[in-house]
Amino acid sequence: MTIAVLSDIHFGQFSRTKDFSVPGEQTEEQTEGQISLLENLISLLKNENVDYIFVAGDLTSVGSPQEYYYCGEALSRIATEIGVANSNIIVGLGNHDFDRRISSLYESVSASAADETLKALIRERYQLMAAHSAIHSIDSLTFATCESKIPCSGTIVRSDLVVFVLNSSWQCAHDQEYPHGKLSAKQLEWFKQEANKYMNDERTKIVLMHHHPVAYSYPTVTPDISMIEEGSELVDIAGRTGIDIIIHGHRHHPRAHTAIQSGWKHPITFICAGSLSVNAVHRNNGEIPNTVHILRTTDSTGTYQLMNFKYCESDGWQPVTYSKEVPLDGEMLLGKVFTQKQQEDALLAIVSANKERTHQELHWNDLDESLRFMRLDELNDLLVLKQDSMNYKLFGRFPDEVMLSTK
């Protein structure tokens, strides 16, 4: 099973490219003379034989009907070109998909509605209208639904996976200083009940949402507006009910890691997708590239391959290399957790076996399993930690080759 993981398209005025802008509308930034982000993306996804397209929210810039419509058309075109059914485009919503112009209408409520209870009810109704705008604006896609009537939230079941789509943006409002995410007690309770139904299901179980359920560092010091208020509760429910993967977006700063806590059935892999096409201003002034991710299940149960690509104007989509802005390798293994002692022992065994050589080529399968689940920078940091290994450095590209060499 192969999933294309996209997030933060920001179709419309915040897009960096005409490929994802409303015809006739002006965008804040458009670079001319570049390789088409869209056409090259289609080539990449076709080459990777994608089965599903996941979008972790922020389809649009301001949540307008025209942005939704054209974004839906673009996603449908991508799916058609790569041979994926529209029903296998699985979409969550982000804070930019909430039309704040609708939610602000409650401020014009007449004086006769001065009663605070009534005003609160009217405010809630306008928020629901704003949150439902995607459903009424995109005809080409089907959104998840659930009994609790939370817009665009629900369970999607396929032969090889179960996806719990959570809407962390439906309670955003125009008057929030920072439009942070919130699930609400009602949605959290629904998820707990639904996840329990599938606790013993052997299919891959994925949570798809927009805001972060856990805290991440960021390249620059900034207010943390990414985490949902109920993040710790959500993650604990996911761990105890056997969720395999949590996919989200929002910060435009991609990350990926696997974690486990006491009481969980097994580890959870967290994938924070970067932004597909938002402009430079919204990517730390261009320091963070646009990214897309390819997630594959493997023959080993609970093990996943993640391939990460960044967009370059001159070369299109290319494998990433680790940096502060993109702390990922071009190819990674996720899904298992090892102790530092296990990793130290495995690495020192390689050094000891090759200490008489100035360099030694190592292949992916030569590495102990505990090392194959680490990034290259983490492996080298581990070498530095051991005084008797400081003359060695690992370099190369996973999973093709790794080189152990004297510095």
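Residues numbered from 1 in each chain as written. Predicted model: local features only at pLDDT ≥ 70, side-chain atom pairs only at ≥ 80, totals over all residues. Heavy atoms only, no water.

**Side note on the packing of aromatic side chains**
Under the convention used in this document: In this analysis, rings of Phe, Tyr and Trp, with Trp reduced to its six-membered ring, are considered paired at centre separations within 6.5 Å, and the interplanar angle assigns stacked below 30 degrees, edge-to-face beyond 60, and tilted for intermediate values.
With the rule as written, the count across this model stands at seven aromatic pairs. Considering the side-chain rings of Tyr-69 and Tyr-70, the 5.2 Å spacing of their centres and the 80° angle between planes classify their relative orientation as edge-to-face. Within the aromatic cluster, the residues linked to one another by ring pairs are Phe-164, Phe-191 and Tyr-198.

**Side note on the nonpolar core**
How we decide: To define a nonpolar core, start from buried Ala, Val, Leu, Ile, Met, Phe, Trp, Tyr and Cys residues and group those joined through side-chain atoms within 4.5 Å. With a 1.4 Å probe rolled over the protein chains alone, any residue whose accessible area is under 20% of its type maximum counts as buried; one over 50% counts as exposed, and the rest are partly exposed. Helix numbering and strand numbering both begin at the N terminus, where a helix is a DSSP run of H or I of at least 4 residues and a strand a DSSP run of E of at least 2. In what follows, residue pairs with any heavy atoms lying within 4.5 Å of each other are defined as contacts.
Ranked by internal contacts, the top residues of the largest apolar core, which has 39 residues, are Ile-53, Leu-75, Leu-276 and Trp-317. Among the elements of the structure, strand 1 (2–6), helix 1 (37–47), strand 2 (52–56), helix 2 (65–82), strand 3 (89–92), strand 10 (291–297) and strand 11 (304–312) are those that each provide at least two residues to this core. Considering each element in turn, this core owes the most residues, seven residues, to helix 2. With sequence-adjacent residues up to four places away left out, Leu-276 is seen in contact with Leu-6, Ser-7, Asp-8, Ile-9, Phe-20, Leu-37, Leu-41, Asn-290, Thr-291, Val-292 and Trp-317.

**A look at the pairing of strand 9 (residues 268–272)**
Rules: When DSSP finds two or more bridges between two strands, those strands count as paired.
A large share of strand 9 lies buried, amounting to five of its five residues. Of the two faces of strand 9, the one holding Ile-268, Phe-270 and Cys-272 and the one holding Thr-269 and Ile-271 are both buried throughout. Where strand 7 (residues 245–248) and strand 9 come together, four bridges link them in parallel fashion. Bridging across to strand 9, Ile-245 finds its partner in Thr-269. Of the strand pairs in this sheet, strand 8 (residues 255–259) and strand 9 are connected by five bridges, and their pairing is antiparallel. Counted as the bridge partner of Thr-258 is Thr-269 from strand 9.

**Looking at the pattern of salt bridges**
Our working definition: By definition, a salt bridge exists where a carboxyl oxygen of Asp or Glu is found within 4 Å of a side-chain nitrogen of Lys or Arg.
Applying the stated criterion to the full structure yields 13 salt bridges. Linking Arg-296 and Glu-48 is a salt bridge whose minimum nitrogen-to-oxygen distance equals 2.6 Å. Taken together, the positions of Arg-296 in strand 10 and Glu-48 in the loop between helix 1 and strand 2 put the pair 248 residues apart, joining distant regions of the chain. The two residues Arg-296 and Glu-48 agree in class, both being buried. Among the salt bridges present, the one from Glu-378 reaches Arg-375, with a minimum N-O distance of 3.7 Å. The class of Glu-378 is partly exposed, set by a relative accessible area of 30%.

**Quick look at the sheet that holds strand 8**
What links the strands of a sheet is backbone hydrogen bonding, and the strands pair in either a parallel or an antiparallel sense. Counted only if it meets this: Note on geometry: axes are C-alpha line fits, over the in-contact stretch for helices, and angles between N-to-C directions span 0 to 180 degrees.
Sheet architecture is open: six strands sit in the order 4-5-6-7-9-8, paired in mixed fashion. At either end of the open sheet lies a strand with only one pairing partner, and these are strand 4 (154–157) and strand 8. On average, adjacent strands in this sheet sit at an angle of 15° to one another, irrespective of strand direction. As paired elements, strand 5 (residues 161–165) and strand 6 (residues 204–208) share five bridges and run parallel to each other. Paired with Leu-161 across the bridge in strand 6 is Thr-204. Lying over the sheet, helix 6 (residues 185–197) contacts strand 4, strand 5 and strand 6, oriented at roughly 170° with respect to strand 5.

**What to know about the packing of helix 1 against helix 2**
To keep things clear, this is the line we draw: For this classification, under 35 degrees means roughly parallel, over 145 means roughly antiparallel, 65 to 115 means roughly perpendicular, and everything else is oblique. By the definition used in this description, the sense in which the near helix is turned from the far one sets the handedness, with an anticlockwise turn below a right angle giving left-handed and a clockwise turn giving right-handed.
It is the contact of helix 1 with helix 2, at a shortest axis distance of 9 Å, that shows an interaxial angle of 40°. As the angle between them shows, helix 1 and helix 2 are arranged oblique. In the packing of helix 1 onto helix 2, the handedness of the crossing is right-handed. On helix 2, the residues that touch Leu-38, Glu-39, Leu-41, Ile-42, Leu-45 and Lys-46 of helix 1 are Arg-77, Ile-78, Glu-81 and Ile-82.

**A word on helix 7 (residues 231–240)**
Every buried residue belonging to helix 7 is among Gly-231, Leu-234, Val-235, Ile-237, Ala-238 and Gly-239, and all of these are buried. Lining the buried residues of helix 7 we find helix 6, strand 7 and strand 9. Just past helix 7, the residue Gly-242 takes up positive phi, approximately 80°.

**Brief notes about the side chain of Ser-277**
Let me state the cut-off plainly: Here a polar contact is taken to be a pair of N or O atoms separated by no more than 3.5 Å, where protein atoms must pair a possible hydrogen donor with a possible acceptor and residues adjacent in sequence count only if both atoms sit in side chains.
Relative to the helices and strands, Ser-277 resides in the loop between strand 9 and strand 10. For Ser-277, a relative accessible area of 0% gives the class buried. Side-chain polar atoms of Ser-277 contact the backbone oxygen of Ile-9, separated by 2.6 Å. Residue contacts for Ser-277: discarding those within four places in its chain leaves Asp-8, Ile-9, Phe-14, Ser-15, Arg-16, Thr-17, Phe-20, Leu-37 and Asn-290.

**Describing the side chain of Thr-60**
Along the chain, Thr-60 turns up in the loop between strand 2 and helix 2. Given the relative accessible area of 0%, Thr-60 is considered buried. A polar contact of 3.0 Å, which involves the side chain of Thr-60, links it to the backbone nitrogen of Gly-63. Among the polar contacts listed, one links the side chain of Thr-60 to the backbone oxygen of His-96, at a separation of 3.1 Å. With residues up to four places along the chain from it excluded, the contact list for Thr-60 reads His-10, Phe-11, Glu-67, Tyr-68, His-96 and Asp-97.

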